[in-house]
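# Structural characterization, general
Letter by letter, the chains look like this.
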Amino acid sequence: MSRCQCCDKRLSDYELTLRHAMTNEFMDTCMDCLSEIAESVPLMVKGRKDLLVSMEDHASSVDNEIELDKDQEM
Ligand SMILES: [Zn+2]
């Protein structure tokens, strides 16, 4: 079980997969801390997108498809 090296919070499955895009080292840092770091330092991180999607499942992607349909009517 890994914890965030910044705030000691337990990392989610997705956060555990995050690696630095250049060094390929695991970040061991939660999304909250990563976004704070990214504000001051450009940060390239890659993770498993499928896990990210399952995390954001409740933020429905269906709405986007409906908006696209409206545009196509024009
Ligand atoms: Zn953290």
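Thresholds, definitions, all that
- Residues numbered from 1 in each chain as written.
- Predicted model: local features only at pLDDT ≥ 70, side-chain atom pairs only at ≥ 80, totals over all residues.
- pLDDT = per-residue confidence, 0-100.
- Helix = DSSP H or I, 4+ residues; strand = E, 2+ residues; numbered from the N terminus.
- Buried ≥ 20, exposed ≤ 12 C-beta atoms within 10 Å, placed from the backbone.

## A closer look at the confidence of the model for the protein chain
Taken over all residues, the pLDDT of the protein chain has a mean of 79, while the share at 70 or more is 70%. Here helix 4 (residues 62-73) stands out as the least confident element of the protein chain, with mean pLDDT 55; helix 1 (residues 13-17) is the most confident, with 93.

## Things to note about unusual backbone geometry
Positive phi, close to 70°, is recorded for Asp8, a residue that is not glycine. The topology assignment puts Asp8 in the segment before helix 1. A count of 8 C-beta atoms within 10 Å places Asp8 in the exposed class. Residues other than glycine seldom take positive phi values, yet Asn24 does so here, at roughly 65°.

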